[in-house]
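Spelled out, the chains give:
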Amino acid sequence: MPDTIQWFQYKPGLVGETRRVTHAARDTTETRIRSWCRREFETAAIEVAAEPGAAPAASHAVPCAPCVPCLLLAIATTEQPAPSALTTEHP
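Not measured: the values here are computed from a predicted model.

Caption draft 1: Representation of the overall build of the protein chain in the model. For the protein chain, the helix and strand inventory stands at one helix and five strands. In the protein chain, buried positions account for 31% of the 91 residues. Accessible surface computed for the protein chain: about 6400 Å², of which carbon and sulfur atoms make up 56%.

If you want it as structure tokens, here you go:
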């Protein structure tokens, strides 16, 4: 997945564990962050997380399960290389 996607989640203890999913950031300001699933969060309530399924760097939290809408929309908006043409060999 591209390194340009910023992942975040609620800090531990602020919400129930079922709501602690890892979101992809779409728009940020100093005090608010909006995810690709169109939810808004206060920056004071979130922590930067590693990409879901990846080992976190020292500055990132261990990611929770990913927010599926964020995951799909963030991936869909990134540039993907065009698939190579299929070649078939004829005997």
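Read on, since the account is not over.
Caption draft 2: Local environment of the nonpolar core. With eight residues, the main nonpolar core is built from F8, Y10, V15, A25, I33, F41, A45 and I46. Each residue touching I46, except ones within four places of it in the same chain, is listed here: F8, Q9, Y10, K11, I33 and F41. If you look at the next biggest cluster of nonpolar residues, it comprises seven residues, including I5, A24, W36 and C70.

Caption draft 3: A look at the sheet that holds strand β3 (residues 32-35). What the five strands build is an open sheet, ordered β4-β3-β2-β1-β5; its pairing is antiparallel. In this open sheet, the two edge strands, each paired with only one partner strand, are β4 (40-42) and β5 (46-49). Averaged over all adjacent pairs, the angle separating strand axes in this sheet is 50 degrees, with direction ignored. Relative to β3, strand β2 (residues 23-28) runs antiparallel, the two being bridged by three bridges. Counterpart to T28 in the pairing with β3 is I33.

Caption draft 4: View of the pairing of β2. Sheet topology note: the strand β1 (residues 7-10)/β2 ladder contains two bridges and is antiparallel. Across the sheet, the residue bridging to W7 is A24, located in β2. Hairpin connection of β2 to β3: three residues between the antiparallel strands.

Caption draft 5: Representation of the packing of aromatic side chains. Taken as a whole and assessed by the stated rule, the structure comprises two aromatic pairs. Seen from their ring centres, F8 and F41 are 5.0 Å apart, and the 80 degrees between their planes marks the pair as edge-to-face. Residue F8 is located in strand β1, and its partner F41 is located in strand β4; the two are separated by 33 residues in the primary sequence. In this pair, the class of F8 matches that of F41, namely buried. Measuring from centroid to centroid gives 5.2 Å for Y10 and F41, while their planes differ by 65 degrees, and the two rings are edge-to-face. Taken together, the positions of Y10 in strand β1 and F41 in strand β4 put the pair 31 residues apart, joining distant regions of the chain. Summarising the burial analysis for this pair, Y10 and F41 share the class buried. Linked through ring pairs, F8, Y10 and F41 together constitute an aromatic cluster.

Reading guide: rules and limits
- Residues numbered from 1 in each chain as written.
- Predicted model: local features only at pLDDT ≥ 70, side-chain atom pairs only at ≥ 80, totals over all residues.
- Heavy atoms only, no water.
- Helix = DSSP H or I, 4+ residues; strand = E, 2+ residues; numbered from the N terminus.
- Buried < 20%, exposed > 50% of the residue type's maximum accessible area, 1.4 Å probe, protein only.
- Areas by Shrake-Rupley, 256 points an atom, 1.4 Å probe, with all protein chains shown as cover.
- Core = buried A, V, L, I, M, F, W, Y, C linked by side-chain atoms within 4.5 Å.
- Contact = heavy atoms within 4.5 Å.
- Pairing = 2+ DSSP bridges.
- Axes fitted to C-alpha atoms, helices over the stretch in contact; angles between N-to-C directions.
- Phe/Tyr/Trp six-rings, centres within 6.5 Å; stacked < 30°, edge-to-face > 60°.

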